[in-house]
Amino acid sequence: MIMTTTPNITSTRLHDVMKVCVQLHKDIQSLEGKLNARNQTAQELTSRVEKLQTDKDGKEKELYQQVKQLEEKMTTHNHTIQSLVFKIQRLKRKKITRIPRALS
């Protein structure tokens, strides 16, 4: 009888160990699935951040170019204004010098 109980106890223990191993395997698979999902989410978020950074850099570059164009226009307008001011001053001087001759 000793021999018949020993295999049953060993068999029961082995069965219990196998149940624990199966449950651990399921738990590991579940955790791997969760980890994979989180890794995928992290990759998606990283991709979004990179896209936003690229978009931001593109917008900054576009705005920089617009500012440069506006600066060039302002410079051109300033030169035009300065040129017109000189012409007006020259015309005023000519007018002033012509008036006394007309009066004489």
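Note that the structure is a prediction, hence the values are computed from the model and not measured.

About the criteria used
- Residues numbered from 1 in each chain as written.
- Predicted model: local features only at pLDDT ≥ 70, side-chain atom pairs only at ≥ 80, totals over all residues.
- Heavy atoms only, no water.
- Helix = DSSP H or I, 4+ residues; strand = E, 2+ residues; numbered from the N terminus.
- Buried < 20%, exposed > 50% of the residue type's maximum accessible area, 1.4 Å probe, protein only.
- Patch = residues over 30% accessible without salt bridge, like charges linked within 9 Å, V, L, I, M, F, W, Y side chains within 5 Å.
- Areas by Shrake-Rupley, 256 points an atom, 1.4 Å probe, with all protein chains shown as cover.
- Salt bridge = Lys/Arg side-chain N within 4 Å of Asp/Glu carboxyl O.
- Lys, Arg positive; Asp, Glu negative; His and termini not counted.
- Charge placed at Lys NZ, Arg CZ, Asp CG, Glu CD.

J.: Please explain the overall build of the protein as it appears in this structure.
T.: The secondary structure content of the protein amounts to one helix and zero strands. In the protein, which comprises 104 residues, the share counted as buried stands at 0%.

J.: So what exactly am I meant to see when it comes to a nonpolar patch on the surface here?
T.: On the surface, Val20, Leu24 and Ile28 cluster together into a nonpolar patch covering about 270 Å² of accessible area. Note on placement: valine 20 falls in helix 1 (residues 2–103). On the accessibility criterion, valine 20 (49% relative accessible area) is partly exposed.

J.: Just to check I follow, could you spell out the pattern of salt bridges for this structure?
T.: It is possible for side chains of opposite charge to pair when their charged atoms get near one another. Following the criterion strictly, the structure yields three salt bridges and no others. Across the salt bridge formed by lysine 56 and glutamate 60, the nearest N and O atoms sit 3.6 Å from each other. Pair noted here: lysine 56 and glutamate 60 are both in helix 1, with a separation of four residues, about one helical turn. When its relative accessible area of 42% is taken as the criterion, glutamate 60 is described as partly exposed. Residues glutamate 71 and lysine 68 are paired through a salt bridge, measuring 3.6 Å at the closest nitrogen-oxygen approach. Taken together, the residues glutamate 71 and lysine 68, both in helix 1 and three residues apart, mark about one turn of the helix. The exposure class assigned to lysine 68 is partly exposed, which follows from its relative accessible area of 36%.

J.: I'm lost on a positive patch on the surface in this one. Help?
T.: Taken together, the side chains of Lys87, Arg90, Arg93 and Lys94 define a basic patch exposed on the protein surface. Tracing the sequence through the fold places arginine 90 in helix 1. Classification of arginine 90 by relative accessible area gives partly exposed; the value is 43%.

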